[in-house]
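Residue-level structural notes
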Amino acid sequence: MPRPEKLSLSHARRTLLRAHGLDAPRPSRTGPVTLRQVEQLGTRLGVVQIDSVNVLARAHLVPAFSRLGPYDVGLLDRATGSAPRRLVESWAHQASFVPVESYPLLEWRRQAYQREAWGGIAAVATTHGNIVDDVRAIVAERGPVTASEVQVEFEAEHPTRKVEWGWNWSIAKRVLEFLFFTGEVASAGRNPAFERRYDLTERVLPAHVLAATPPDEPDAVRELVAIAARAHGIGSTRSLADHFRLRMAPTQRAIDELVEDGVLTPVQVDGWGRAYRHRTATTPRRATGAALLNPFDPLVFERRTVEALFGLRYRIEVYVPEPRRVWGYYVLPFLLGEELAALVDLKADRAAGVLEVRAAHGTLGTAGAGPAAVAAALAAELELAARWLGLDSVRVGSATRPAAGDLAAEVRAATAAVAA
């Protein structure tokens, strides 16, 4: 067997960015972003993680902005909440949207809920079996329904408590999440409070998806790994497994089969090690894009890969006590060229109509862009993000709360220049 081709870190980064659609400036448009473009992006990424933190914008909304620019977020609501659905919720990389065609590929996980489900979900069938039957009947009769609407039927006998597992989940929420994980019910969309609206799966998924025969676990894992590899262009076993939160051993078996089939090619990346390049991957000569990435963007899913490729040890610090935070509360990496050149802690102050920059830190980076150049590019991106979010201006710190970070002064000056 020939030795794997040797690649530089720069080559690997540019391959990764091209696959993600982040290697070049966003294309200029003569009209608004379309539903089809949002759908195509979901297919390209393979999975879009959902998270409820709304300090800036819900996590699933930002990847499309990063790649397509300002767009009507109602398009994503249409793609996920109206028939025929283009994207559907499933447990993929945590709670996520996936293309509807990928839903059958995760059936093995739903079937193996006792092994695959998180927290106390797996125990619901045995500990609350009679309530499971009652909730099934309510969804069948009244769906789509939220957990709070269903809980009304059980509150007298099973009151919601202040301290429980599952973020104080009610009994109805536990049961509905069990039925959701196992695929008996699906998400018909979200209400304005971001609550799932549960309905019978056969009333949510398109007919052609319902009619598809789910593959067995090895075949499904192989296809999921292929999707992950196409989404990243190049990846290690760990990063390809992490895309759909697969176990390492079956992921490696799938990789070996995909190599044998010519779908993947082993490569050796300086400073990263063994990786695998998808046969459709291409590598631009230069990376020239700029984008804010939310902490749940697929590009930065696997933090050890981020550290190996971009030289940045990045962790989300939402759950870290404030005195121990290094970067801030809700910190977004700023991509400039092929660098993650800055980390910026942002908050959308909707009442004041302001995008607040609470901290801006330069990073060691990989290509050595100077602070002034990074700040100027970041300021332009912040102005674009503010317009997308319907905010009037960008504010770097305030009189009572100065912005932290070694890049804050440069960003303040650059933001003032953009606004002038």
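Throughout what follows, the structure given in this document is the object of discussion. Everything quoted here is computed from the prediction, not taken from an experiment. (Residues numbered from 1 in each chain as written. Predicted model: local features only at pLDDT ≥ 70, side-chain atom pairs only at ≥ 80, totals over all residues. Heavy atoms only, no water.)

1. Focus on the pairing of strand β9 (residues 273-278)
Taken across its six residues, β9 has five buried, putting it largely inside the fold. As paired elements, strand β7 (residues 234-235) and β9 share two bridges and run antiparallel to each other. Bridge pairing in β9 links Ile 234 to Arg 277. Where strand β8 (residues 264-269) lies against β9, six bridges are found, and the strand directions are antiparallel. Within β9, the position partnered with Thr 265 by the bridge is Arg 277. Where β8 folds back onto β9 in an antiparallel hairpin, the turn is made up of three residues, including Gly 271, whose phi is positive at roughly 80°. (Buried < 20%, exposed > 50% of the residue type's maximum accessible area, 1.4 Å probe, protein only. Helix = DSSP H or I, 4+ residues; strand = E, 2+ residues; numbered from the N terminus. Pairing = 2+ DSSP bridges.)

2. Quick word on unusual backbone geometry
Each neighbour pair has its own omega, and for Ala 83 with Pro 84 the value is -10°, a cis peptide bond. Along the chain, Pro 84 falls in the loop between α4 (74-81) and β3 (87-92). Put simply, Gly 143 and Pro 144 share a cis peptide bond, and its omega is 5°. Mapped onto the elements, Pro 144 comes out in the loop between α8 (129-142) and α9 (147-151). Within the chain, Gln 94 stands out as a residue other than glycine whose phi angle is a positive 55°. Looking at where Gln 94 falls in the secondary structure, it is placed in strand β4 (residues 94-99). Classification of Gln 94 as partly exposed rests on a relative accessible area of 34%. Backbone geometry places Arg 245, a non-glycine residue, at a positive phi of 55°. A residue is classified by how much of its surface remains accessible, and Arg 245, at 36% relative accessible area, is partly exposed.

Without other data, these values stay purely geometric and don't point to any function.
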